[in-house]
Amino acid sequence: MTPAGRFAPSPSGELHVGNLRTAVLAWLFARSTGRRFLLRVEDLDRARAGAEAVQLRDLTAVGVTWDGGIVHQTGRGTLYAAAISRLQDAGLTYECFCTRREIQEAPSAPHAPQGAYPGTCRNLGPAEREFKRSTRPAAIRLRADVAEYRVHDVLHGEFTGIVDDFVLRRNDGVTAYNLAVVVDDAEQGIDQVVRGDDLLPSTPRQAYLASLLNIPSPEYAHVPLVVNKHGARLAKRDGAVTLADLAALGVDAAAVRDRLLESLGLPSGPLSTALAAFDPAALPKAPWVWSGP
Ligand code: GLU
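Calculation rules
- Residues numbered from 1 in each chain as written.
- Predicted model: local features only at pLDDT ≥ 70, side-chain atom pairs only at ≥ 80, totals over all residues.
- Heavy atoms only, no water.
- Pairing = 2+ DSSP bridges.
- Helix = DSSP H or I, 4+ residues; strand = E, 2+ residues; numbered from the N terminus.
- Contact = heavy atoms within 4.5 Å.
- Axes fitted to C-alpha atoms, helices over the stretch in contact; angles between N-to-C directions.
- Phe/Tyr/Trp six-rings, centres within 6.5 Å; stacked < 30°, edge-to-face > 60°.
- Buried < 20%, exposed > 50% of the residue type's maximum accessible area, 1.4 Å probe, protein only.
- Lys NZ or Arg CZ within 6 Å of the ring centre and 35° of its normal.
- Expected span 1.5 Å × (residues − 1).
- Near = heavy atom within 4 Å.
- Polar contact = N/O pair within 3.5 Å; in protein donor to acceptor, adjacent residues only side chain to side chain.
- Areas by Shrake-Rupley, 256 points an atom, 1.4 Å probe, with all protein chains shown as cover.
- Nonpolar A, V, L, I, M, F, W, Y, C, P; charged D, E, K, R; others polar.
- Parallel < 35°, antiparallel > 145°, perpendicular 65-115°, else oblique.
- Left-handed = near helix turned anticlockwise from the far one by under 90°.

Asker: Any chance you could explain the sheet that holds strand β3 (residues 71–72) here in plain terms?
Answerer: Strand pairs in the sheet, formed through backbone hydrogen bonds, run parallel or antiparallel to each other. Taking strand neighbours across the sheet as the criterion, the three strands line up as β1-β2-β3 in an open arrangement whose pairing is parallel. The sheet is open, and its two edges are formed by β1 (4–7) and β3, each paired on a single side. When β1 meets strand β2 (residues 36–41), the two strands line up parallel, connected through four bridges. Within β2, the position partnered with Ala 4 by the bridge is Arg 36. Helix α1 (residues 17–32) contacts β1 and β2 of the sheet and is inclined by roughly 145° relative to β2.

Asker: When you look at the sheet that holds strand β5 (residues 139–142) in this model, what are you seeing that I'm missing?
Answerer: Strand order in the open sheet formed by three strands is β4-β5-β8, and the pairing between neighbours is antiparallel. Every interior strand has two partners, whereas the edge strands, β4 (93–96) and β8 (167–169), have only one. Across the sheet, the mean angle from the axis of one strand to that of its neighbour is 45°, orientation sign disregarded. Bridge count for β4 against β5 is four bridges, and the pairing is antiparallel. Opposite Thr 93, over in β5, you have Leu 142 as the bridge partner.

Asker: For this particular structure, what's the right way to read the packing of aromatic side chains?
Answerer: Two descriptors summarise a pair of aromatic rings, namely the distance from one centre to the other and the angle between the planes of the rings. By the definition in use, this model includes three aromatic pairs. Here the aromatic rings of Trp 288 and Trp 290 are separated by 5.7 Å at their centres, their planes lie at 75°, and the arrangement is edge-to-face. There is no split in this pair, since Trp 288 and Trp 290 are both buried. The cationic tip of Arg 141 hangs over the ring face of Tyr 117; the distance from NZ or CZ to the ring centre is 3.5 Å.

Asker: Just to check I follow, could you spell out α1 for this structure?
Answerer: Side chains that are three or four residues apart share a direction in an α-helix, a result of its 3.6 residues per turn. With 16 residues, α1 extends 22 Å between its outermost C-alpha atoms, agreeing within 8% with the 22 Å of an ideal straight helix rising 1.5 Å per residue. By the criterion of burial, α1 is predominantly enclosed, with 13 of the 16 residues buried. Once α1 ends, the next one or two residues include Gly 34, with phi positive near 70°.

Asker: Got a minute to help me understand the site of the ligand in this structure?
Answerer: Neighbouring residues of the ligand: Arg 6, Ala 8, Pro 9, Ser 10, Glu 42, Tyr 177, Val 181, Arg 195 and Leu 199. The contact in question runs from an oxygen atom of the ligand to an N or O atom on the side chain of Tyr 177, over 2.9 Å. A distance of 2.8 Å separates an oxygen atom of the ligand from a polar side-chain atom of Arg 195. Contact with the protein chains removes 78% of the 300 Å² of surface that the ligand exposes when unbound. Of the residues contributing to the shell around the ligand, the split by class is five nonpolar, one polar and three charged.

Asker: Would you mind going over the packing of α1 against helix α9 (residues 253–263) with me for this structure?
Answerer: Each pair of packed helices can be described by the angle between their axes along with the distance between the axes. Orientation of α1 relative to α9, taken along the N-to-C sense of each, is 65°, at an axis distance of 10 Å. Between α1 and α9, the angle falls in the class roughly perpendicular. Like other packed secondary-structure pairs, α1 and α9 cross with a definite hand, here right-handed. Where α1 abuts α9, its residues Val 17, Leu 20, Arg 21 and Val 24 lie against Val 256, Leu 260, Leu 261 and Ser 263. Tallied by class, residues from the contact of α1 with α9 come to six nonpolar, one polar and one charged.

Right under this line is the structure:
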């Protein structure tokens, strides 16, 4: 199978120029290295009716094309369950009954990094576990035997980040993103992950989980986000930031595409022209400030 890159939007609303810029970059990284380019809709959570169709239309409008059919995470529960069973069989999981509040209020374990799960349910005795089962449904956590893990990123170099006993399946039965993303990328033959650098901190967890499942880590490239003029991550409330908003102001999709390419130091016009000039080493390292239409 030819290796692949991908774009994996959550269908929670319209894509804004920041999301579209990440999609264009993921496409350029994949196509410039002879990879296929796949689209996966991450609809386990936060799916809003109608959002997917608009996202696909907007991706197409800026020239992002993909190979084959679109994969939806909601159709892949069997794959996720199989991966969780493998980890369970290897003794690498445990049930957790903590509420968010209990986690916040628990004293953190000695030397545990901030934000790490404090391990409250890691060593429950059988009686205590039985009792807790009668009070609340359990989430499944990974029994991690490292506290951090190192990954290599094409743009960031070596990056070491926290690995805690993160959730694999939430207590409402929904598969957690960190498990789904690892299983999906492997199953789809994706060996290059290009996404916003807000996800870099979760990457050591994913790479560690991949190692436990005997999955080779993909190549990672975490690209700078787009920010508003105050330096905060771009959001819908920052004015005209979607193709529909911009079209209403007379800025069409080709003009938006050209703005995105210009922000990347690439020639404007169809993405095929930009592809010929694409050099990851020459990409701007700083966030791009969206100053409005
Ligand atoms: N679905 C995630 C998002 O839209 C992206 C996850 C990924 O690219 O791994 O933020």
